[in-house]
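# Per-entry structural report
Residue-level listing of the chains:
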Amino acid sequence: MILEALLTLSVLISVLCLIYVRSLLKRLAAITDSFEELSDVLAGFSNHLKSVHDLETFYGDETLQGLLQHSVNISEDLDAFVREMLIAESEKEEEEEEEEEEEEQEELEAHAGDDATQTKEED
């Protein structure tokens, strides 16, 4: 009786943890999408700044050259961050799938144990 209650509690806690992890992954995906959009906006700004720098009036201006280099550096840093987020997200998904498989295996083993107990009681 106690074992059944503990098993039920364990399964319930596992399901709740699984739901929580999924909600975190959804938030992470939304944040990653936001960073990708920000990266696109920054790339557009960088291109616009480059086109202004290339105009005859401003060609060779050191201030614009510094701004252009700064925007390129920020864009590269943001792209690297987004790539890291995507890698982390795929690793989390793999871990979640492994946890689900382990839980299913535990449930199958628990049900097999219950069936064996019932068989012994019937004899």
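Think of each chain on its own: its residues are numbered from 1, step by step along the sequence as written. The predicted origin of the model limits local features to residues at a pLDDT of at least 70 and limits the giving and counting of side-chain atom pairs to 80 or more, whereas totals for whole chains, interfaces and linings rest on all residues. Excluded from the side-chain calculations are hydrogens and water; all other atoms, namely the structure's heavy atoms, are used.

## With respect to the overall build of the chain
Secondary structure summary: the chain contains 2 helices and 0 strands in total. Summary of the burial criterion: residues with accessible area below 20% of their type's maximum are buried, those above 50% are exposed, and those between are partly exposed, where the area comes from a 1.4 Å probe applied to protein chains only. When each of the 123 residues of the chain is scored for burial, the buried share is 17%. Any pair of residues with heavy atoms lying within 4.5 Å of one another is described as a contacting pair. In the chain, once contacts between residues fewer than 6 apart in sequence are set aside, the share between residues at least 24 apart is 71%. We get accessible surface area from the Shrake-Rupley algorithm with a probe of 1.4 Å; when it comes to residues, only the shown protein chains can shield them. Total accessible area on the chain is roughly 9,700 Å²; 58% of this is exposed by carbon and sulfur atoms. Only DSSP runs of H or I reaching four residues or more are called helices, and only runs of E reaching two or more are called strands; each is numbered from the N terminus.

## Digging into the environment of Asp 79
When you line up the elements, Asp 79 lands in helix α2 (residues 62-122). Once the C-alpha coordinates of Asp 79 and Ser 39 are considered, the two residues, 40 residues apart in sequence, prove to be 6.7 Å apart.

## Topic: a nonpolar patch on the surface
Note on patches: the residues involved have over 30% relative accessible area and no salt bridge, like charges join within 9 Å, and the nonpolar side chains Val, Leu, Ile, Met, Phe, Trp and Tyr join within 5 Å. Just to be clear on terms, a salt bridge is a Lys or Arg side-chain nitrogen sitting within 4 Å of an Asp or Glu carboxyl oxygen. Together, Ile 2, Leu 3, Leu 6, Leu 9, Leu 12, Ile 13, Val 15, Leu 16 and Ile 19 line one region of the surface with nonpolar side chains, adding up to about 910 Å² of accessible area. Its place among the elements puts Leu 16 in helix α1 (residues 2-53).

## What to know about α1
An ideal rise of 1.5 Å per residue puts 76 Å on 52 residues; α1 measures up with 75 Å between its terminal C-alpha atoms. Regarding α1, the residues found buried are Ser 14, Leu 18, Leu 25, Leu 28, Thr 32, Ser 39, Leu 42, Ser 46, Leu 49 and His 53. Helices are assigned an expected span. That span is 1.5 Å times one less than the residue count.

## Quick word on the side chain of Ser 71
With respect to the element layout, Ser 71 can be found in helix α2. In protein, a polar contact means a hydrogen-donor-capable atom and an acceptor-capable atom, both N or O and within 3.5 Å, with residues adjacent in sequence counting only if both atoms are side-chain atoms; elsewhere, any N or O pair within 3.5 Å suffices. Separated by 3.2 Å, the side chains of Ser 71 and Ser 46 make a polar contact. Contact partners of Ser 71, with chain neighbours within four places excluded, come to Leu 42, Phe 45, Ser 46 and Leu 49.

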